Amino acid sequence: MQDILSYSQLYTELETLNTSVYDSLLHGDFEGFQNTIVEFISSSIMEQEKFAAAREAYRYSSMPFTLDGMWISVDSRNPLDKPIMDFSGLPIEELNKRDVLPVYAYLTGQIETKPEDSKLAGKRIDALGEYKKLYKNLYKDPSPQMAFSAPLVDDYEKHKMVYINRITELATARSRFYATFDFTCLPVNGMKIIDNDYLRELGISEKMKYLTEVFDNLYDPNKSKNRFTINDCFSFNGFQKVLASNYLQGKWIDRKNWKHYTKGNLPKIPEFYLQLAFYLTIPSSAEIEKFMNLHGYSIKSPMTHFHDVGGKYHILHRDLCRLIDAGIDYNLLNEICGYDLEIKEKRKPKS
């Protein structure tokens, strides 16, 4: 007889899964990456009655760490742990207990978060409540219902904009609790500590090696000729919202497509709708399929292609669905593809 796992245990299982996948990618072990997924699915964890709710809460509660807007690692393997500790007085694990786990616990009905425990968690929970209300009505047919069938639509543009406006509202609501712990590297003695352009071009393994070496050199007194303080090297930008337009730009999808979409012009780019579903954190492949179908696309074909990884392996949409349903972090999925979490719009200075 299979043991019934608690929500706390399921959170640990999801964290362990994402860490194991990340470790395989760090070592370029794509067979190990695949084996991790197969073993997780074969373990019957996904058949647990509470798993779907745990997976949804895990994704909604997540708060990634970013460096100059770049997603940096799964939490348990994060080279930012030392500067984060210096700024906050807490390691990543304790920050998560304070600001992330209360949101997960709230979503899974375990506890009510008290504002004094974490003001940030309290604000995110309030925003999540509004988001859930909007999501509940996303697919409601705006046409007046007749006894046996919906009537023909006499104003297509008006009909279409009902759905688009709902999704636009949903994206706005999502931005209110989709926040990152964001750091900026400061120049030391007039020189950049980290070459961001170079860093963006690196794969997962090379990126972590580069960052680890840089941080080791800064913090190890035997390697660093100058003793720097944390404030010499980094600034903490607080909790930065991730906007839909910036998120899509990070996936090589021009931000103008989002503006066009909100005005009723549907981009003929299937990835636009898939990445929008990731941004909205739609929690399962079945729900994402419903979202894709709303726009005339699908991720359920057994032959269509999602992305290549490692220059050798081809991830089909069927594989993507397995990764989604197992609970792989969407930011990690996009990191595998070489995408950025976001690319912020550079505004021209006012003359």
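Provided above is the structure to which this section pertains.
Cut-offs used in this document
- Residues numbered from 1 in each chain as written.
- Predicted model: local features only at pLDDT ≥ 70, side-chain atom pairs only at ≥ 80, totals over all residues.
- Heavy atoms only, no water.
- Pairing = 2+ DSSP bridges.
- Helix = DSSP H or I, 4+ residues; strand = E, 2+ residues; numbered from the N terminus.
- 1 Å grid on protein atoms, 1.4 Å probe; cavity = no way out; pocket = protein on both sides within 12 Å on 5 of 7 lines; lining within 4 Å.
- Points joined across faces, edges and corners; volume = space filled by probe spheres on them.
- Nonpolar A, V, L, I, M, F, W, Y, C, P; charged D, E, K, R; others polar.
- Buried < 20%, exposed > 50% of the residue type's maximum accessible area, 1.4 Å probe, protein only.
- Lys, Arg positive; Asp, Glu negative; His and termini not counted.
- Salt bridge = Lys/Arg side-chain N within 4 Å of Asp/Glu carboxyl O.
- Contact = heavy atoms within 4.5 Å.
- Core = buried A, V, L, I, M, F, W, Y, C linked by side-chain atoms within 4.5 Å.
- Phe/Tyr/Trp six-rings, centres within 6.5 Å; stacked < 30°, edge-to-face > 60°.
- Expected span 1.5 Å × (residues − 1).

Peer 1: What is the right way to look at the pairing of strand β5 (residues 305-309) in this model?
Peer 2: Regular strands have side chains that alternate between both faces of the sheet. Pairing of β5 with strand β6 (residues 313-316) involves 4 bridges; the strand directions are antiparallel. Across the sheet, residue His305 finds its bridge partner in β6, namely Leu316. Here β5 hands over to β6 after 3 residues, with Gly310 in that stretch at a positive phi of 70 degrees.

Peer 1: Just checking my understanding: could you explain empty space enclosed by the protein for this structure?
Peer 2: To find leftover empty space, one rolls a probe the size of a water molecule over the atoms. Applying the stated criterion across every chain, the model contains 4 cavities of 30 Å³ or more. In this structure, the second largest cavity spans a volume of roughly 110 Å³. As for the second largest cavity, its lining consists of Arg59, Ser62, Pro64, Arg174, Tyr178, Tyr247, Phe278, Thr281, Asp329, Tyr330 and Asn331. In the lining of the second largest cavity, the residues fall into 5 nonpolar, 3 polar and 3 charged.

Peer 1: Please clarify how helix α14 (residues 270-279) should be interpreted in this entry.
Peer 2: Of all the 10 residues making up α14, 8 are buried; the element is thus mostly covered by neighbouring parts of the structure. Of all the residues in α14, the buried ones are Phe272, Tyr273, Leu274, Gln275, Leu276, Ala277, Phe278 and Tyr279. Downstream of α14 by a residue or two, Thr281 has a phi angle that is positive, lying close to 60 degrees.

Peer 1: Sorry if this is basic, but what is going on with the side chain of Glu342 here?
Peer 2: For Glu342, the position within the fold is in the segment after α17 (330-336). One buried charge, Glu342, has no salt-bridge partner; the nearest side chain with opposite charge is Lys344, at 4.3 Å. Setting aside residues no more than four positions away along its own chain, Glu342 makes contact with Gly69, Arg200, Lys241, Val242, Leu243, Asn246, Tyr247 and Gly250.

Peer 1: Looking at this structure, how should I read the nonpolar core?
Peer 2: Across soluble globular proteins, nonpolar side chains show a tendency to be buried alongside one another. Formed by 107 residues in total, the largest nonpolar core has its most connected members in Leu67, Ile194, Leu280 and Ile288. Element by element, the count of residues in this core is highest for helix α1 (residues 7-26), at 9 residues. Those residues in contact with Leu280, other than ones at most four positions away along the chain, are Tyr60, Tyr131, Ile167, Leu170, Ala171, Arg174 and Phe291.

Peer 1: How should I be thinking about the packing of aromatic side chains in this particular structure?
Peer 2: Ring pairs (aromatic) are described by centroid distance and by the angle formed between their planes. Throughout the structure, instances matching the rule amount to 22 aromatic pairs. Measuring from centroid to centroid gives 5.3 Å for Tyr11 and Tyr58, while their planes differ by 65 degrees, and the two rings are edge-to-face. Residue Tyr11 is located in helix α1, and its partner Tyr58 is located in helix α3 (residues 51-61); the two are separated by 47 residues in the primary sequence. We note that Tyr11, like Tyr58, is buried. Ring plane angle 55 degrees and centroid distance 6.2 Å describe the contact between Tyr178 and Tyr247, whose orientation is recorded as tilted. Separated by 69 residues along the polypeptide, Tyr178 in the loop between α8 (156-175) and β3 (179-185) and Tyr247 in helix α12 (residues 244-249) bring together distant segments of the chain. The exposure class of Tyr178 is buried, given its relative accessible area of 4%.

Peer 1: Looking at this model, I keep getting lost on helix α2 (residues 30-42). Mind explaining?
Peer 2: An α-helix turns once every 3.6 residues. As a result, residues three or four positions apart point the same way. Under the 1.5 Å per step criterion, the end-to-end length of α2 is 18 Å for 13 residues, consistent within 8% with the ideal 18 Å. Residues of α2 that are buried sit in contact with α1, α3, β5, β6, α16 (317-326) and α17. Phi turns positive, to about 75 degrees, at Ser44, one or two residues after α2.

Peer 1: Looking at this model, I keep getting lost on the sheet that holds strand β4 (residues 234-241). Mind explaining?
Peer 2: Think of a sheet as strands paired side by side through backbone hydrogen bonds, with each pair either parallel or antiparallel. The 4 strands lie next to each other as β2-β1-β3-β4, forming an open sheet whose pairing is mixed. A single partner strand is all that each edge strand has here, and the edge strands are β2 (70-71) and β4. As defined by bridge partners, strand β1 (residues 65-67) adjoins β2 across 2 bridges and the pair is classed as antiparallel. Bridge pairing in β2 places Leu67 opposite Met70.

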